Amino acid sequence: MRKKIGIFMGEIISEYQEVVVKTIFRKAGEAGYDVFTFCNFGAYGDNVLYAEGEKSVIRIPDLEKLDGIIVADDTFDIDGMEAEFFGLLKEKAKCPVVYLRNPNDVFYNVLVEDGEAIADITRHFIKHHGFRDICFMTGNMNSEDARKRHRWFLTVMEEEKIPVTEHMVFNGDWWREKGKKAVDWFMEGRSSYPQAIICSNDHMALSVCDELKRRGVRVPEDVCVSGYDDIMEARRYHPSITSVRAPFEALGKKAVEIIEKVNKGEEQERVVWLKPGLELRRSCGCGGQELMNDCSALLHKIYVQENDVKQTVCMTTEYQDAFEESEYLKVAEKYFANTNCSKAYLCMCDEEERDFDRVELDNAYTNRMILKRIFYRGQKADSCEEKFDRCNILPKVILERENAEGYLVFPVHYKSKCYGYMVMLFEDENWADVYVQSYMMGLANAIEEAAMHREVSSLEQIKTLYHKDALTGIYNRRGFEKQLRNLHERYEEEEKFLSIVSIDMNGLKYINDNFGHSEGDEALCRLANILNGLVKEDEICARVGGDEYFVLLYSDERKRELEFAEQFIRAMREDEEKVKKPYPFRASFGICCISDEQELSLMSCMQLADKRMYVQKKQYKMMQEKFL
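Residues numbered from 1 in each chain as written. Predicted model: local features only at pLDDT ≥ 70, side-chain atom pairs only at ≥ 80, totals over all residues. Heavy atoms only, no water.

## What about the overall build of the chain?
In terms of helices and strands, the chain carries 19 helices and 21 strands. On C-alpha atoms alone, the chain measures out to a radius of gyration of 33 Å, which is more than a quarter above the 25 Å that the 2.2 N^0.38 rule sets for 628 residues. The buried share of the chain, taken over its 628 residues, is 51%. Counting contacts in the chain only where the partners sit at least 6 residues apart, residues at least 24 apart contribute 71% of the total. Only carbon and sulfur atoms are counted for the fraction: they give 48% of the accessible area of the chain, which is about 30,100 Å². The averaged location of the 113 negative side-chain charges in the chain is 2 Å from the averaged location of its 87 positive side-chain charges. (Helix = DSSP H or I, 4+ residues; strand = E, 2+ residues; numbered from the N terminus. Rg over C-alpha atoms; globule rule 2.2 N^0.38 Å. Buried < 20%, exposed > 50% of the residue type's maximum accessible area, 1.4 Å probe, protein only. Contact = heavy atoms within 4.5 Å. Areas by Shrake-Rupley, 256 points an atom, 1.4 Å probe, with all protein chains shown as cover. Lys, Arg positive; Asp, Glu negative; His and termini not counted. Charge placed at Lys NZ, Arg CZ, Asp CG, Glu CD.)

The following block contains the structure:
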């Protein structure tokens, strides 16, 4: 079996993470390593239990079985994750461990001279522009990167004998939510804006620029702004942001080189330093405006985001009806195509091995896992029930393929309860995005819902309450819609006739007004009993509203419609004669055969059946009025 490198990284959808991981995939693949990136999407608000579930990804692999480990713990935004993983590494790691960007005294390091880059930006504003009124926005000061960049700013300002007052430094958080607060802080006690604002990363620089624009302040004419990281959004912003280009590709390449050298027994320095580059752009007035020449790319991105939102809403709705494993996996397969992932392996914990309610943190995943599904983009999923040792991450037969691969591994969890993990393979330019996060959360929530229902003593009772009409006992609208989808999927695969019958009781208001609602309820139940007695196997009837019913007919023969119509008319007449009531017992109906209306959508066929029913109902009312 091939050697394995494990990457541990948070907030995987960010640009830095994508570039570094893809570089490692290429470099390690050339050296014959499979690479598994154990990643997550980071914390979600103040949901502590959800964060615990995301953090559990560090406990999926057996660290002793890896041949190399690469850690980007500056991307861990979950409290305690950094320290917990460091403890695991010291206890269990037997292979070379390389830390990226964040120094670690125990293991190998590939570091970037971040502080000197901030010093270069500060000197640029002082020496080239002649500025002395320069403000600084830090990152989260719990981070060593943030503290280092702040120190270098202060060092250069001190060298140039420029005093730094309290309101010249604002503590940021690496993200785009504090632009207004930062500018408010900088403007405290002054009437004019600072000459320049240096931000510890591009996200904060963008937020500051947005706020300055809102106030009518021009960048760079009135205030110069700089960032750090040189992300694409900063390059394409107007004005483009002066920034520091971190050597992302070099980080990944050097990490793999260190692992290779150590595994071969060669000498390796404990710390390797890489030099970032200063990118002067429009926001300081020294560079040109980088433009997005291909507007179609931007339009496509907007389209994809809108489609992702729609897909997420539809997926969530379909999961609401998925009580069984086969049902939620069917939904997961349907919406997998939107992830841009070429292949994925859903690996679930062996429930026979442990009790989820009593699981401790150190065995969040079972030692034996079950490969449940292999999802493919553009083709049907493979159903599996293959057990394998978690230390291998995937079954051996999958890992014995000819070429080395690079994978992303996500925990499948509901809050802090871990059900398994998903191993995803992205090819070409594709990468995990926000939709993948929604996809993983939707699947995990569906698994939890199904588990909850299994724990209830009477699952059938829950299904009945959820899908059945409480008054008549036949399907309600929710149950009808689910059965309609299932039957329509069968119809598309089988050469049979599927027809929709829309039925409406005549005169229910008259019965309720003159004889009471209990009498009206009895009439509704009589109609439901008749319909229930007429449907055959594979056919269903449902009460979808007050006096509205639907029947689905499914048969090998086209004449099934006519047969049902004759039987229904006869059954209604016989029931009326048998049950003597002081009011007529009648119903109108309309039928639409989907097989005959192939150019129409399913919803259009239902509407056509409704239309035909209302024609009959109108004729009945006209006859009643004429009789009266």
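Additional details are given in the paragraphs that follow.
## So, the packing of aromatic side chains
Inspection of the entire model under this criterion finds 22 aromatic pairs. Seen from their ring centres, Phe36 and Tyr407 are 4.8 Å apart, and the 15 degrees between their planes marks the pair as stacked. Highlighted residues: Phe36 in strand β2 (residues 33–39) and Tyr407 in strand β16 (residues 406–414), separated in sequence by 371 residues. A network of ring pairs unites the aromatic residues Phe8, Phe36, Phe38, Phe76, Phe85 and Tyr407 as a single cluster. Above the plane of the ring of Tyr16 lies Arg101, whose end atom (NZ or CZ) is 3.9 Å from the centre. (Phe/Tyr/Trp six-rings, centres within 6.5 Å; stacked < 30°, edge-to-face > 60°. Lys NZ or Arg CZ within 6 Å of the ring centre and 35° of its normal.)

## Considerations on the sheet that holds strand β15 (residues 379–389)
Spatial ordering of the open sheet is given by β11-β5-β4-β3-β1-β2-β16-β17-β13-β14-β15, a layout of 11 strands whose pairing is mixed. Either end of the sheet is taken by a strand with one partner, and the two such strands are β11 (271–274) and β15. In this sheet, neighbouring strand axes are inclined to one another by 20 degrees on average, regardless of whether the strands run parallel or antiparallel. Of the pairings in the sheet, the one linking strand β5 (residues 108–112) to β11 comprises four bridges and is parallel in character. Bridge pairing in β11 places Leu111 opposite Trp273. (Pairing = 2+ DSSP bridges. Axes fitted to C-alpha atoms, helices over the stretch in contact; angles between N-to-C directions.)

## Structural notes on the side chain of Ser588
Residue position: Ser588 is located in strand β21 (residues 586–593). Reaching out from Ser588, the side chain makes a polar contact with the side chain of Asn506 at a distance of 3.1 Å. Setting aside anything within four residues of it in sequence, one finds Ser588 in contact with Ser502, Ile503, Asp504, Asn506, Met613, Gln616, Lys617 and Tyr620. (Polar contact = N/O pair within 3.5 Å; in protein donor to acceptor, adjacent residues only side chain to side chain.)

## A word on the confidence of the model for the chain
For the chain, per-residue confidence averages 90 on the pLDDT scale, and 93% of positions sit at 70 or higher. With pLDDT under 50 throughout, residues 356–362 is counted as low confidence; its partners more than four residues away or in other chains account for 13 contacts. (pLDDT = per-residue confidence, 0-100.)

## Regarding helix α7 (residues 202–214)
With 13 residues, α7 should reach 18 Å at 1.5 Å per residue; the first-to-last C-alpha distance of 18 Å fits that figure. Counting buried positions along α7 yields 10 of 13 residues, so the element is predominantly enclosed. Looking at α7, one finds that the buried residues are Asp202, His203, Met204, Ala205, Leu206, Ser207, Val208, Cys209, Glu211 and Leu212. Among the structural elements, β6 (134–138), α6 (179–186), β8 (196–199), β9 (224–226), α8 (232–236) and β10 (243–245) are those in contact with the buried residues of α7. (Expected span 1.5 Å × (residues − 1).)

## Overview of the sheet that holds strand β18 (residues 497–506)
Across the sheet, four strands lie side by side as β19-β20-β18-β21; this open sheet has antiparallel pairing. Only two strands of the sheet have a single neighbouring strand rather than two, namely β19 (540–543) and β21. Taking each pair of neighbouring strands and ignoring which way they run, the sheet shows an average axis angle of 20 degrees. Direction of pairing for β18 relative to β21: antiparallel, over a ladder of eight bridges. Note that in β21 the partner of Ser499 across the bridge is Cys593. This element, helix α15 (residues 477–493), spans β18, β19 and β20 (548–555) of the sheet and lies at about 20 degrees to β20.

## Some points on the pattern of salt bridges
Applying the stated criterion across every chain, the model contains 56 salt bridges. Here Arg176 makes a salt bridge to Asp210, at a shortest N to O gap of 2.8 Å. Remark: Asp210 occurs in helix α7 and Arg176 occurs in the loop between β7 (169–171) and α6; sequence separation between them is 34 residues. Here Arg176 falls in the partly exposed class, since its relative accessible area comes to 25%. Overall, the relative accessible area of 32% leaves Asp210 in the partly exposed class. Taking the shortest distance from any N to any O, the salt bridge between Glu385 and Lys372 comes out at 2.8 Å. Note that Glu385 is positioned in strand β15 and Lys372 in strand β14 (residues 368–376), a separation of 13 residues in sequence. On the basis of relative accessible area, Glu385 is assigned to the exposed category, the value being 51%. The network of salt bridges with common partners includes Glu15, Asp230, Arg235, Glu279 and Arg281. (Salt bridge = Lys/Arg side-chain N within 4 Å of Asp/Glu carboxyl O.)

## Considerations on the pairing of β5
In terms of burial, β5 is largely enclosed, as five of its five residues are buried. Note: strand β4 (residues 97–100) against β5, three bridges, orientation parallel. Bridge pairing in β5 places Val98 opposite Tyr108.

## Examining the pairing of β16
With eight of nine residues buried, β16 is to be regarded as a mostly interior element. Bridging between β2 and β16 involves four bridges; their strand directions are parallel. Note on β16: the bridge partner recorded for Thr37 is Leu408. Here β16 runs beside strand β17 (residues 417–425); their pairing, made up of seven bridges, is antiparallel. Residue Tyr414 lies in a different strand from β17, and its bridge partner there is Lys417. Remark: two residues form the turn of the hairpin made by β16 and β17, two consecutive strands paired antiparallel; Lys415 in that turn has positive phi of roughly 55 degrees.

## Observations regarding helix α18 (residues 560–578)
Taking 1.5 Å of rise per residue, 19 residues should cover 27 Å, and α18 covers 26 Å from first to last C-alpha, within 8% of that figure. Of all the residues in α18, the buried ones are Arg560, Glu561, Phe564, Ala565, Phe568, Ala571, Met572 and Asp575. Within α18, the buried residues cover an arc of 135 degrees as seen down the axis, which keeps them to one side. Packed against the buried residues of α18 are β18, α17 (517–534), β20 and β21. (Arc of directions from axis to C-beta.)

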